[in-house]
Amino acid sequence: MRRINFTNTQVASSETARDINRGVVLNLIRRRQPISRADLARVSGLQRSTVSLIAEQLIREKWVVYGPVGRLPRGRRPTYLRLNEQRAIIVADLRPLQTTVALADVNGRFLSQEVMPTSSDPHKTAAELAARVQRIVDSNPQLEFEGIGISIPGRFDDATQRVIFAPNLHWPEFDLKGELESATGMRVELENAANACVLAEVWFGHVEHIRDLAVVTVSEGLGTGVFINGQLARGLRGMAGEFGHVPLDPAGPECTCGGRGCWEVFASNRAALRYYHESGGAPADGPTFEDLMSLAESGDQLAVRALDKMAHAIGRGMHMMVAGIAPQEIVLVGDFTRLWSRFGPIIEAEVAAGVLVGKPPRVRPAEGKLARLRGTVALVLQNHFGPVRAEVSDSERKMAIAQ
Ligand SMILES: [Zn+2]
């Protein structure tokens, strides 16, 4: 399936213009469903006849179905259109210890979820994942499957089609995409976990007017995704956004990447556990991060101090992002956001202290706990809907219409 690039409308052939108009209509249905053809024409600026042709095509392709019948005070009842919820995507959130596998519809609603252990042997993980995907497909014969989307705690290199740089997985470079595609016969898309969270915000969130956004995911490690000028920043070999591995203290503790004193070793869940251990709170094989948060909630002062230290480190590292990319919003993802009333003000104060000119960016936790999984739904859908990016501007839309 050809990807539609909404930015190159100046050189668009008439066929590309049709693709652009199709993308405009499909995305309007997605965002405003159920919607009538008349409203589609009005909002898109396209002619009614064009909208009708595209809508018929989308219905034939089973992307769109007739929705509820609208009631108008007078005259005809318009027939509303909505996305076909029988189109499904299988998604997985691969993390160092466990992997969540889920079934979602085109609207990002989850129909089922299951958890499996992640093996340090990538072949084993790929085989187990493929077996679970097959079971999901077999037990849902009514659905039409679009593909598999996977969020990884690492980077996927488009050029070599391999997972590269996954320090917290302890995997070598690995062709996860190839192994899964040959085992399942389905198309597989991989994305870095923080980038997946960016896609979730832009695709499913309410950030239509945001063109510069950063997501920071904090778990075993610390990842960042950067959405800049309305597009996801990828960089060479897909490595853009590795702020977590910028050394803040060359004499600091060793990091899984091989460096020392990276932002990650001061601000991740593991860092908080280390602070707790160092302050005499527990043996090295002591509590999990979840336990540590419960201890803090029950008033354990050493646990509170360890988490405060982690919060300050998260905020201080964000100075790099504020000074480097000037985002309008910074969205945080991670178990720690459950204690936002404690973490939030500390991080906000650190971020505000790092602003060079003007107001600080808005800092907030992500909505819901499923950002990584929802982002991979968008990752698969963008093959049909066009790449995830800020809303198409009016001038770009007019150029497409003029073709
Ligand atoms: Zn590092």
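Calculation notes
Residues numbered from 1 in each chain as written. Predicted model: local features only at pLDDT ≥ 70, side-chain atom pairs only at ≥ 80, totals over all residues. Heavy atoms only, no water. 1 Å grid on protein atoms, 1.4 Å probe; cavity = no way out; pocket = protein on both sides within 12 Å on 5 of 7 lines; lining within 4 Å. Points joined across faces, edges and corners; volume = space filled by probe spheres on them. Nonpolar A, V, L, I, M, F, W, Y, C, P; charged D, E, K, R; others polar. Buried < 20%, exposed > 50% of the residue type's maximum accessible area, 1.4 Å probe, protein only. Helix = DSSP H or I, 4+ residues; strand = E, 2+ residues; numbered from the N terminus. Arc of directions from axis to C-beta. Contact = heavy atoms within 4.5 Å. Pairing = 2+ DSSP bridges. Axes fitted to C-alpha atoms, helices over the stretch in contact; angles between N-to-C directions. pLDDT = per-residue confidence, 0-100. Donors = N, O, S within 2.8 Å, 3.2 Å for Na, K, Ca; no water. Phe/Tyr/Trp six-rings, centres within 6.5 Å; stacked < 30°, edge-to-face > 60°. Lys NZ or Arg CZ within 6 Å of the ring centre and 35° of its normal. Right-handed = clockwise from strand over helix to strand, strands pointing away. Core = buried A, V, L, I, M, F, W, Y, C linked by side-chain atoms within 4.5 Å.

Undergrad: Just to check I follow, could you spell out the layout of surface pockets for this structure?
TA: Over the atoms, a rolling probe the size of a water molecule traces out where space has been left empty. Of the pockets and cavities examined, the largest pocket occupies roughly 1,000 Å³. What lines the largest pocket is a set of 32 residues, and nearest its centre among them are Arg95, Ser219, Glu220, Asn269 and Asp335. Considered class by class, the residues forming the lining of the largest pocket number 11 nonpolar, 11 polar and 10 charged.

Undergrad: Would you mind showing me how to read helix H9 (residues 289–297) here?
TA: Of the residues making up H9, those classed as buried are Phe289, Leu292, Met293 and Ala296. For H9, the arc enclosing every buried residue in end-on projection is 100 degrees, short of the 170-degree limit, so these residues lie on one face. The inward-facing, buried residues of H9 abut helix H8 (269–278) and helix H10 (301–325). Gly299 sits one or two residues past H9 and shows a positive phi near 95 degrees.

Undergrad: Got a minute to help me understand the sheet that holds strand E11 (residues 213–218) in this structure?
TA: Backbone hydrogen bonds hold the strands of a sheet together, and the pairing may be parallel or antiparallel. The five strands lie next to each other as E13-E12-E11-E14-E15, forming an open sheet whose pairing is mixed. In this open sheet, the two edge strands, each paired with only one partner strand, are strand E13 (231–232) and strand E15 (362–365). With respect to the sheet, helix H11 (residues 340–353) is in contact with strand E14 (329–333) and E15, its orientation differing from that of E15 by roughly 155 degrees.

Undergrad: Help me understand the confidence of the model for the chain in this model?
TA: The predicted coordinates should not be examined in detail at positions where pLDDT is low. For the chain, mean pLDDT is 89; residues scoring 70 or higher make up 90% of the total. Within the chain, the lowest mean pLDDT, 49, falls on helix H13 (residues 394–402), and the highest, 98, falls on helix H7 (residues 263–267).

Undergrad: Explain the environment of Ala200 to me, please; I cannot follow it from the model alone.
TA: Examined against the element boundaries, Ala200 turns out to sit in helix H6 (residues 193–204). In contact with Ala200, not counting residues within four places along its chain, are Gly205, Ala371, Arg374 and Gly375.

Undergrad: Would you explain the coordination of the zinc ion in this entry?
TA: Angles between donor atoms at a metal ideally measure 109.5 degrees for a four-coordinate tetrahedral arrangement and either 90 or 180 degrees for a six-coordinate octahedral one. Looking at the zinc ion, the protein donor atoms are His245 (ND1), Cys255 (SG), Cys257 (SG) and Cys262 (SG), and they sit 2.0 to 2.3 Å from it. The exposure class assigned to Cys255 is buried, which follows from its relative accessible area of 8%. The exposure class of Cys257 is partly exposed, given its relative accessible area of 31%.

Undergrad: Please explain the packing of aromatic side chains as it appears in this structure.
TA: The relative placement of two aromatic rings is captured by the distance of their centres and the angle of their planes. Enumeration over the complete set of coordinates arrives at four aromatic pairs. Ring geometry for Trp63 against Phe385: centres 5.5 Å apart, planes inclined by 90 degrees, an arrangement best described as edge-to-face. Here the residue Trp63 occupies a position in the loop between helix H3 (48–60) and strand E2 (64–69), and Phe385 occupies one in helix H12 (residues 371–385), the gap between them amounting to 322 residues. For Trp63, a relative accessible area of 3% gives the class buried. Residue Phe385 is classed as buried on the basis of its relative accessible area, which comes to 1%. Through successive ring pairs, a cluster of aromatic residues spans Trp63, Trp203 and Phe385. Lying across the ring of Trp203, Arg30 places its NZ or CZ 3.7 Å from the centre. Here the guanidinium or amino end of Arg87 rests over the ring plane of Trp63, the centre of that ring lying 4.0 Å away.

Undergrad: Where do I start with the pairing of E15 in this structure?
TA: The two faces of the sheet receive side chains in turn, since in a regular strand these alternate between them. Bridge count for E14 against E15 is four bridges, and the pairing is parallel. Across the sheet, residue Glu329 finds its bridge partner in E15, namely Arg362. Remark: the E14/H11/E15 crossover connection has right-handed handedness.

Undergrad: What should I look at first to understand the nonpolar core in this one?
TA: The nonpolar side chains of a soluble globular protein tend to be buried with one another. Grouped together as the largest cluster of nonpolar side chains are 48 residues, with contacts concentrated most on Ile29, Leu40, Leu58, Trp63, Val64, Leu213 and Leu381. In terms of residue count, H12 provides more of this core than any other element does, eight residues in total. Apart from the residues lying within four places of it in its own chain, the contact partners of Ile29 are Ile35, Leu40, Leu58, Val64, Leu81, Arg82 and Leu83. Listed in part, the 44 residues of the second largest apolar core include Phe243, Ala272, Ala282 and Leu307.

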